[in-house]
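Now for the letters of each chain:
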Amino acid sequence: MTRTRRPALHPLSIALMLGLSSSAWAQSAPPAESPPQKAPAPQQHPRTRDADTAKPDAKPDARLDRVEIQGTSRDDDQRRASTASKIIIGREEIERYGDSTIGEVLKRLPGVTTGGRPGRGGEVRMRGMGGGYTQILVNGERMPPGFSLDELPPEQIERIEVMRAPTAEFGARAIAGTINVVLREALQRRLNEIRLASTFERDHVTPHLSWTRNDKLDDNGGAYNITVNAMQHKRVDDINSNSLTQLLDSQGKVTRQTRLTNTGNTEDQRKSLNLTGRLQLRLDGGDTLALQPFVMVNRGTGASQFNQDQSPSLPATDLDHIRYTDASADNTSRAAMARLNLQWNKRIDEQSRLESRLGVGRMTMRNASHREEDNGLSFYRTQDDDTRSRDTSWSFSSKLSHQLENEHNLVAGIEGEGTRRNQTRTCLQSYVEGSAGAPCVFLADFGDNVNASTRRFAAYAQDEWSVGKQWGFYAGLRWEGIKTESTSNMGPISNSSSVMTPLLHAVYKLDEKSKEQIRASLTRSYRSPNLNDIVGRLSISNRYACGDPTQPPCTTNTIDSPDRMGNPDLKPEMATGVEIGYEKYLSKGGLLSANFFYRRITDLIRNQALLEPVPYSPVPRYVVRPRNIGDATTYGVELEAKFRLDEYLTDALPINMRSNLSLFHSSVDGIQGPNNRLDQQPRYTANLGADYRLRAIPLTLGASLNYTPSNLLQQSNQVLAEVDKKRVIDVSAMWTFSSAVALRVSASNLQPLSYGNGSLSITPGRIVTSESTGRTFTVWQVRLEMKV
């Protein structure tokens with residue numbers, strides 16, 4: 001019996017396969033109708049190849065079905081061809097588990113975590129770094145404040161580009177990395193796709209409808225695409241929190257302790273409608289013109305109620321006495337966003353191209369809430385808050401590309417963008433039952449209205465070239481300046497900053513077929529304060545509120561119940577970064593990779609509560625502001641393995657595997673260890689999964705496990721915070737009835753765990769320990785996919 005020889009295992013391959021966790025990798029063969037990728041400048045998109053097929057020996061009277069074959073590079077081919085480190089997630093990978101949010105798609109990538117509850121998506125973070133370290137782009141542009149990636153359905157996305165290190169073209173506001181979401185493109189073929197889905201969570205059923213239409217306009221390259229999504233969801237969560245307050249004497253002995261317990265629930269209902277489109281026209285001389293509208297509308301209502309109990313109860317004159325025992329709140333929200341982008345590509349000559357973009361948009365939001373507080377049957381207070389905001393934005397960019405004969409590809413460009421926010425707030429408080437209320441006292445010095453604007457301009461140049469068949473280099477330089485201005489009752493606020501960032505990338509192919517290659521990057525990047533960081537309006541702690549006529553005017557508060565405010569004196573964070581990576585591409589598809597990163601950050605921004613004098617109180621109060629607190633260092637390694645099981649195991653089924661393990665370490669100067677880490681960065685993240693397309697029946701099965709351990713964070717020398725572990729198990733099954741009809745059933749967060757957070761706050765003579773927990777739930781989805 002002849003035994004088939006298996007490929008030898010590289011030492012790094014063994015380490016990766018034994019040490020990694022994983023999530024499922026896509027089938028090696030792309031589907032027949034997988035849309036082709038466009039062919040732009042290097043480092044962005046793959047080459048496109050169209051092929052027509054015919055049957056040379058067919059009889060004249062034979063009836064042949066017309067077949068369209070769309071050639072496309074696989075996602076890993078684009079990754080391999082890029083000089084800068086990049087990961088591409090195409091349509092097939094986006095659809096693999098039937099995820100309802102982009103965050104759920106991205107969480108399976110090496111080093112990517114999400115900030116929400118298990119199964120809920122949430123803020124996307126690269127390398128565990130939250131709070132603006134990850135640059136989020138849509139079609140290469142930043143979205144206005146208030147926009148969340150979770151509001152963009154996966155059905156509207158063509159691909160996702162994840163860049164571990166910054167480039168001059170995409171911008172350097174990416175200390176952790178960049179995620180660029182590319183919306184559906186107009187292709188030269190007909191597509192009419194309908195998707196009907198129902199999601200089930202905690203006995204609540206929410207529908208989802210998606211429709212995509214694509215067709216060509218003419219034979220000259222004109223085409224259009226339109227995608228419409230209508231969604232509805234309802235979520236109910238439990239409130240279960242408690243805190244223990246201990247007072248100490250000068251000897252450190254506990255003189256009194258009180259426990260405060262909160263129980264209740266919150267309910268959130270939301271309806272949304274999203275529309276994206278693209279109209280592409282081919283002009284004379286090979287020029288192209290594209291219009292891309294993007295519209296989002298959503299409406300929501302929410303309600304919450306909770307009861308708080310203090311044991312033992314304290315006299316009304318005590319600082320820790322609770323002023324009410326029961327509270328309920330109702331709110332309504334509305335948001336609408338419309339944006340139109342115009343893109344013009346002009347071919348100057350055989351070696352030169354000019355690409356120009358222009359975009360305008362507006363986003364309006366309104367949130368109205370009513371809150372009632374009482375002590376059993378006794379009325380205490382009501383507060384009505386109505387906030388309206390309008391963000392108007394514009395952007396432009398122009399990029400000139402020129403290909404030299406000596407393998408150099410030169411690119412130079414300019415960019416500009418601006419956002420203006422007009423915000424009005426009406427706040428009324430009443431301590432007399434039935435009264436309409438009076439303006440909130442604590443806002444008297446600040447005003448209810450804010451007008452703010454941000455303008456950003458940038459210029460860059462880059463060169464990408466090859467030396468022989470094995471070396472590739474990239475060098476870029478980018479200047480960027482940002483100015484933020486605001487006016488309110490406190491007077492004008494102005495914040496300006498500018499940075500110059502050099503960027504270097506290199507790749508060395510160990511063999512001419514680039515099956516193995518080594519990457520290296522040396523970059524400068526930065527994180528700029530956002531609009532809310534600088535002009536964030538005052539928010540008073542509900543527990544120690546101002547304006548109560550039965551209490552002394554605006555007494556002090558505690559570090560665990562601080563007020564909140566912006567900081568107009570913030571400086572941008574700067575980071576020097578190093579990346580070194582190894583990649584090995586396998587013969588049956590997939591890869592093995594290891595990537596090391598290092599960042600040295602100066603002028604670190606962190607939200608910290610400090611005791612400070614404030615104009616609305618005669619005594620100092622604890623106020624949380626974003627502050628520049630010093631320097632920090634972070635480094636880590638990201639291991640990844642994607643392979644077919646029969647690549648290494650004789651006679652194994654061709655099960656596609658994906659695994660990754662990311663290890664992180666960070667330290668913040670000036671804060672005591674050992675948990676003086678960057679905000680929200682865990683010690684590691686891991687993924688494990690597999691998927692398999694059965695041969696006997698048209699069924700595809702998949703499963704994945706995502707794990708993030710619990711995390712302790714020393715936010716300051718007074719506050720230690722803890723975030724619970726996250727373990728998310730997802731499974732999916734898809735039955736393909738025909739090339740036009742498929743049914744998908746998926747479950748996210750099987751075997752759900754409770755999820756919560758806690759903190760320990762220590763100030764002279766006082767220790768406060770708090771904890772908040774809640775249940776999580778399995779999210780089931782049934783989706784019917786039809787092409788008509």
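Residues numbered from 1 in each chain as written. Predicted model: local features only at pLDDT ≥ 70, side-chain atom pairs only at ≥ 80, totals over all residues. Heavy atoms only, no water.

Novice: Kindly report on the pairing of strand β30 (residues 711–714), identifying the contributing residues and their values.
Specialist: Here 4 bridges tie β30 to strand β31 (residues 719–723), and the two strands are oriented antiparallel to one another. Considered in β31, the bridge of Asn 711 is made with Val 723. Linking β30 to β31, which pair antiparallel, is a turn of 4 residues. (Pairing = 2+ DSSP bridges. Helix = DSSP H or I, 4+ residues; strand = E, 2+ residues; numbered from the N terminus.)

Novice: How would you explain the packing of aromatic side chains if you had to name every residue and give the values?
Specialist: Taken as a whole and judged by the stated rule, the model has 10 aromatic pairs. A ring pair is formed by Tyr 324 and Tyr 380, whose centres lie 6.1 Å apart and whose planes are at 25 degrees; its orientation type is stacked. Taken as a pair, Tyr 324 in the loop between β13 (288–311) and β14 (326–347) and Tyr 380 in strand β16 (residues 378–403) lie far apart in primary sequence, 56 residues in all. Note on accessibility: Tyr 324 and Tyr 380 belong to one class, buried. Members of the aromatic cluster, connected to one another through ring pairs, are Trp 465, Trp 471, Phe 473 and Tyr 508. When the ring centre of Tyr 585 is taken as origin, the NZ or CZ atom of Arg 80, which lies over that ring, is 4.7 Å away. Positioned above the aromatic ring of Tyr 133 is the side chain of Arg 527, whose terminal nitrogen or guanidinium carbon lies 4.8 Å from the ring centre. (Phe/Tyr/Trp six-rings, centres within 6.5 Å; stacked < 30°, edge-to-face > 60°. Buried < 20%, exposed > 50% of the residue type's maximum accessible area, 1.4 Å probe, protein only. Lys NZ or Arg CZ within 6 Å of the ring centre and 35° of its normal.)

Novice: So what's going on with the pattern of salt bridges? Which residues, and what values?
Specialist: The full count for this structure, using the stated rule, is 64 salt bridges. The shortest N-O distance in the salt bridge between Glu 415 and Arg 478 comes to 2.8 Å. Placement of the pair is Glu 415 in strand β17 (residues 409–430) and Arg 478 in strand β20 (residues 471–487), with a sequence separation of 63 residues. A relative accessible area of 2% places Arg 478 in the buried class. (Salt bridge = Lys/Arg side-chain N within 4 Å of Asp/Glu carboxyl O.)

Novice: So what's going on with the nonpolar core? Residues and values would help.
Specialist: With 36 residues, the main nonpolar core has Ile 89, Leu 106, Phe 147, Ile 160 and Val 162 as its most contacted residues. When residues of this core are traced back to their parent elements, those giving at least two are β3 (86–89), α4 (102–106), β5 (124–126), β7 (157–163), β8 (177–183), β13 and β25 (591–612). For Phe 147, the residues in contact, after removing those within four places along its chain, are Val 138, Leu 152, Phe 294, Met 296, Met 337 and Met 363. (Core = buried A, V, L, I, M, F, W, Y, C linked by side-chain atoms within 4.5 Å. Contact = heavy atoms within 4.5 Å.)

Novice: Explain the pairing of β3 to me, using residue names and the numbers behind them.
Specialist: Residues Lys 86 and Ile 88 of β3 are buried on one face, and the alternating residues Ile 87 and Ile 89, pointing to the opposite face, are buried as well. Examined bridge by bridge, β3 and β7 share 4 bridges and lie antiparallel to one another. Each bridged residue has a counterpart across the sheet, and for Ile 88 the counterpart in β7 is Glu 161.

Novice: Please set out the sheet that holds strand β6 (residues 134–138) residue by residue, giving values where relevant.
Specialist: Across the sheet, which stays open at both edges, the 4 strands sit in the order β3-β7-β8-β6 with mixed pairing between neighbours. In this open sheet, the two strands that pair with only one neighbour each are β3 and β6. On average, each strand axis in the sheet is tilted by 15 degrees relative to the strand beside it, whichever way the strands run. (Axes fitted to C-alpha atoms, helices over the stretch in contact; angles between N-to-C directions.)

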